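Each chain, written out:
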Amino acid sequence: MRARYRIPLAATLGTTALGAACVAYAAGIEVRSFRLRRVTVPVLPRGAHPLRVLQISDIHMVSGQRKKQRWLQSLAGLRPDFVINTGDNLSDPEGVPEVLDALGPLMEFPGAYVFGSNDYYGPKLRNPAKYLLEKASGRHGLNGNPPAVGAIHNPWEGLRDAFDAAGWIGLSNSRGRLKLDSGQEIALTGLDDPHIKRDRYSEVAGRAETDADLALAVVHAPYLRVLDAFAADRYPLILAGHTHGGQLCVPFYGALVTNCDLDTERVKGLSTHRAAGHRSYLHVSAGCGTNRYTPLRFACPPEATLLTLTAPDD
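Every value quoted in this text rests on a predicted model; they were computed, and no experiment measured them.

Visitor: Is there a simple way to explain the packing of helix α3 (residues 96-103) against helix α6 (residues 156-165) in this structure?
Guide: Packed helix pairs are characterised by how far apart their axes lie and by the angle those axes make with each other. It is the contact of α3 with α6, at a shortest axis distance of 9 Å, that shows an interaxial angle of 25 degrees. Taken as axis vectors, α3 and α6 run roughly parallel relative to one another. As α3 packs across α6, the resulting crossing turns out to be right-handed. Note on element contacts: α6 touches α3 through G158, L159, A162 and F163, opposite V96, V99, L100 and L103. Per-class residue counts for the contact of α3 with α6 are seven nonpolar, one polar and no charged.

Visitor: Just to check I follow, could you spell out the side chain of S285 for this structure?
Guide: Note on placement: S285 falls in the loop between β11 (278-284) and β12 (303-310). Taking relative accessible area as the criterion, S285 reaches 0% and is therefore assigned buried.

Visitor: Hey, could you run me through the pattern of salt bridges in this one?
Guide: Should their charged atoms come close, side chains of opposite charge can pair. Summed over all chains, the structure comprises 11 salt bridges. Measuring nitrogen to oxygen at the nearest pair gives 3.5 Å for the salt bridge that ties R177 to E185. Overall, E185 belongs to the buried group, its relative accessible area being 19%. One salt bridge connects R266 with D263, and the closest N-O pair in it is separated by 2.9 Å. The buried category is assigned to R266, whose relative accessible area is 14%. Overall, D263 belongs to the partly exposed group, its relative accessible area being 29%. Three or more residues are tied together by salt bridges with common partners; here these are R175, R177, E185, E209 and D211.

Visitor: When you look at the environment of V114 in this model, what are you seeing that I'm missing?
Guide: Assignment of secondary structure puts V114 in the loop between β4 (111-113) and α4 (117-120). Among the residues examined, V114 registers a relative accessible area of 0% and is labelled buried. For the pair V114 and N173, spaced 59 residues apart in sequence, the C-alpha to C-alpha distance is 8.9 Å. Filtering out sequence-adjacent residues up to four positions away, V114 remains in contact with N85, T86, G87, L171, G190, L191, V218, V219 and H220.

Calculation criteria
- Residues numbered from 1 in each chain as written.
- Predicted model: local features only at pLDDT ≥ 70, side-chain atom pairs only at ≥ 80, totals over all residues.
- Heavy atoms only, no water.
- Axes fitted to C-alpha atoms, helices over the stretch in contact; angles between N-to-C directions.
- Helix = DSSP H or I, 4+ residues; strand = E, 2+ residues; numbered from the N terminus.
- Parallel < 35°, antiparallel > 145°, perpendicular 65-115°, else oblique.
- Left-handed = near helix turned anticlockwise from the far one by under 90°.
- Contact = heavy atoms within 4.5 Å.
- Nonpolar A, V, L, I, M, F, W, Y, C, P; charged D, E, K, R; others polar.
- Buried < 20%, exposed > 50% of the residue type's maximum accessible area, 1.4 Å probe, protein only.
- Salt bridge = Lys/Arg side-chain N within 4 Å of Asp/Glu carboxyl O.

Everything listed here is a matter of geometry and, on its own, says nothing about what the molecule does.
So, in structure tokens, the structure goes:
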């Protein structure tokens, strides 16, 4: 009888040890293995000078994350033409000074920003299995309710005031323009976070402006209703974050969830989106942080993206 149980016991112990090793790696190594993604997108008019835009997203700053701060500061060495911040800067009400310290060198460049739900409200401890249940049932922030009255308020106003003082353009349900040192002009249209139903596309609706060198759409969470609207209005490029690239991925398979209604095949990186007979490029950043209650990343390292915008080859 004893021999009958040796193999199952050994398998159980081996699986437990492997699981523990994966968690230790995800929490102790990969979550701090910051990367720079480089992407080229052919969206500028023919003959236009290439532009480099740095997209940062989902910082989820928690007080004391010094390595993350230093890495974000170092990105200024890339000398981008402009910076786009796609939200969720905070995961700690005390984190505003550290976000501003981390982004200080980048705020010397032209930029624009939108906020995500975690900029407005503190995160809650939550069972990670609920994300899988939401995927199966089709429920996400889209069909859920905004944070209830009494939710922890994050001091997002401090971020807004500092970003505005640096000359970054706030794009929460609004439009704006960036005039670059190169003489090129970017027409920007942004939405507040669709994940908590703060998006108001009717306030910015209309065809993408054609009198600028580029019309750029910006939003935190890439919900399909928003992507459809931007693509139908002929925006060449949409930038978003929110998904964390799936955060906990399966090697050689990919993400299991996106935390919105976007398909997992487009959970991070460059793809396309079609609506009303028009096509837009979509870039979703996997972000460089995590919710403070799930400080793990597996097969999905934290990132920022340097997008080189060019004219088409043909």
